[in-house]
Amino acid sequence: MRAVSAAALVLMMHSTQACAQEPDIINRTARAGHEVAVGYALRWNRKCEPLIPKLILTVPPDHGSICARDFSAIAKRNVVNDDQTCIGKRVRGLQVIYYPRSDYAGHDSVDYVIQFSNKSINKHANIEVRRDSSAATAKPGEESIAPGKAGDVIVACAPLSS
């Protein structure tokens, strides 16, 4: 009886932990060959200076690549602690970018973790990629799509060009 109770307790603990770690789900639509933001991370110190988190890829996309880009946004809420100093102020952070292959149309997804010093947040993005008839489709081997692998740190995007 004692072994059964212990097993039930362990099972309950694992199911409670699993519920606590459910990812935030993001749904996006992208045009083939065009990037789309699939999340962002903002964190700051008491002077509203950025504290840049680590972004870890947990499940790479099958039909595109993922990268991170510096951006700034108005802070709306603090998900890490109770510090509300910078709410309503512009803060620098990272934006997570998905770039689908130019010849792909259909569903893709990506999972990643935002790691702050005292908290990790799981994210899952569902992306519906639509064909873009105006974009020229790259020939095989012309497009550089490196989806990465689970456990990789999400790298910086190539700089935007005008």
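Scope of this entry: the structure provided in the associated data block. It should be emphasised that the depicted structure is a prediction, and the values quoted were computed from it without experimental measurement.

1. Overview of the nonpolar core
Piece 1. Formed by 24 residues in total, the largest nonpolar core has its most connected members in Val38, Leu55, Ile66 and Ile127.
Piece 2. Elements that contribute at least two residues to this core include exactly β1 (24-31), β2 (36-42), β3 (54-59), β4 (64-74), β5 (90-100), β6 (106-115) and β7 (120-130).
Piece 3. Considering every element that reaches this core, the biggest residue donor is β7, with 4 residues.
Piece 4. Those residues in contact with Leu55 that sit more than four places away from it in its chain are Ala41, Ala68, Leu94, Val96, Val113, Ile114, Asp152, Val153 and Ile154.
Piece 5. Counting 8 residues, the second largest nonpolar core, distinct from the first, contains Leu42, Trp44, Cys48 and Val91.

2. Observations regarding the sheet that holds β7
Piece 1. Taken together, the 4 strands give an open sheet; going across it, the order is β1-β7-β6-β3, and neighbouring strands pair in mixed fashion. In this open sheet, the two strands that pair with only one neighbour each are β1 and β3. On average, adjacent strands in this sheet sit at an angle of 30° to one another, irrespective of strand direction.
Piece 2. Two elements, β6 and β7, share 10 bridges in a ladder whose sense is antiparallel. Along β7, the bridge assignment pairs Gln115 with Ser120.

3. Focus: the side chain of Arg69
Piece 1. Relative to the assigned elements, Arg69 resides in strand β4.
Piece 2. A distance of 2.6 Å separates a polar atom in the side chain of Arg69 from a polar atom in the side chain of Glu35.

4. Side note on the environment of Gln115
Piece 1. Note that Gln115 resides in strand β6.
Piece 2. Gln115 sits in the partly exposed class, given a relative accessible area of 32%.
Piece 3. Separated by 74 residues in the primary sequence, Gln115 and Ala41 place their C-alpha atoms 9.4 Å from one another.
Piece 4. Once residues within four sequence positions are removed from consideration, Gln115 is found in contact with Pro53, Lys54, Ile56 and Ser120.

5. Let's talk about the packing of aromatic side chains
Working definition: an aromatic ring pair is given by the centre-to-centre distance plus the angle between the planes.
Piece 1. Tallied over the entire structure, the rule returns 1 aromatic pair.
Piece 2. Consider the rings of Tyr40 and Phe71, whose centres lie 5.8 Å apart with planes at 65°: the pair is edge-to-face. Taken together, the residues Tyr40 in strand β2 and Phe71 in strand β4 connect sequence positions 31 residues apart.
Piece 3. Judged by relative accessible area, Tyr40 falls into the partly exposed class, the value being 48%.

6. Quick look at the layout of surface pockets
Piece 1. By volume, the largest pocket is sized at about 370 Å³.
Piece 2. Lining the largest pocket are 19 residues, with Tyr40, Leu42, Arg77, Val79 and Lys123 sitting closest to its centre.
Piece 3. Broken down by secondary-structure element, the contributors of at least two residues to the lining of the largest pocket are β1, β2 and β7.

7. Side note on the sheet that holds β5
Piece 1. Spatially, 3 strands are ordered β2-β5-β4 in an open sheet, and the strand pairing comes out antiparallel. In this open sheet, the two edge strands, each paired with only one partner strand, are β2 and β4. Adjacent strand axes in the sheet meet at a mean angle of 25° when their direction is disregarded.
Piece 2. Both β4 and β5 contribute to a ladder of 11 bridges, which runs antiparallel. Looking across to β5, one finds that Ile66 is bridged to Tyr98.

Conventions and cut-offs
Residues numbered from 1 in each chain as written. Predicted model: local features only at pLDDT ≥ 70, side-chain atom pairs only at ≥ 80, totals over all residues. Heavy atoms only, no water. Core = buried A, V, L, I, M, F, W, Y, C linked by side-chain atoms within 4.5 Å. Buried < 20%, exposed > 50% of the residue type's maximum accessible area, 1.4 Å probe, protein only. Helix = DSSP H or I, 4+ residues; strand = E, 2+ residues; numbered from the N terminus. Contact = heavy atoms within 4.5 Å. Pairing = 2+ DSSP bridges. Axes fitted to C-alpha atoms, helices over the stretch in contact; angles between N-to-C directions. Polar contact = N/O pair within 3.5 Å; in protein donor to acceptor, adjacent residues only side chain to side chain. Phe/Tyr/Trp six-rings, centres within 6.5 Å; stacked < 30°, edge-to-face > 60°. 1 Å grid on protein atoms, 1.4 Å probe; cavity = no way out; pocket = protein on both sides within 12 Å on 5 of 7 lines; lining within 4 Å. Points joined across faces, edges and corners; volume = space filled by probe spheres on them.

Function cannot be inferred from these measures alone, as they are strictly geometric.
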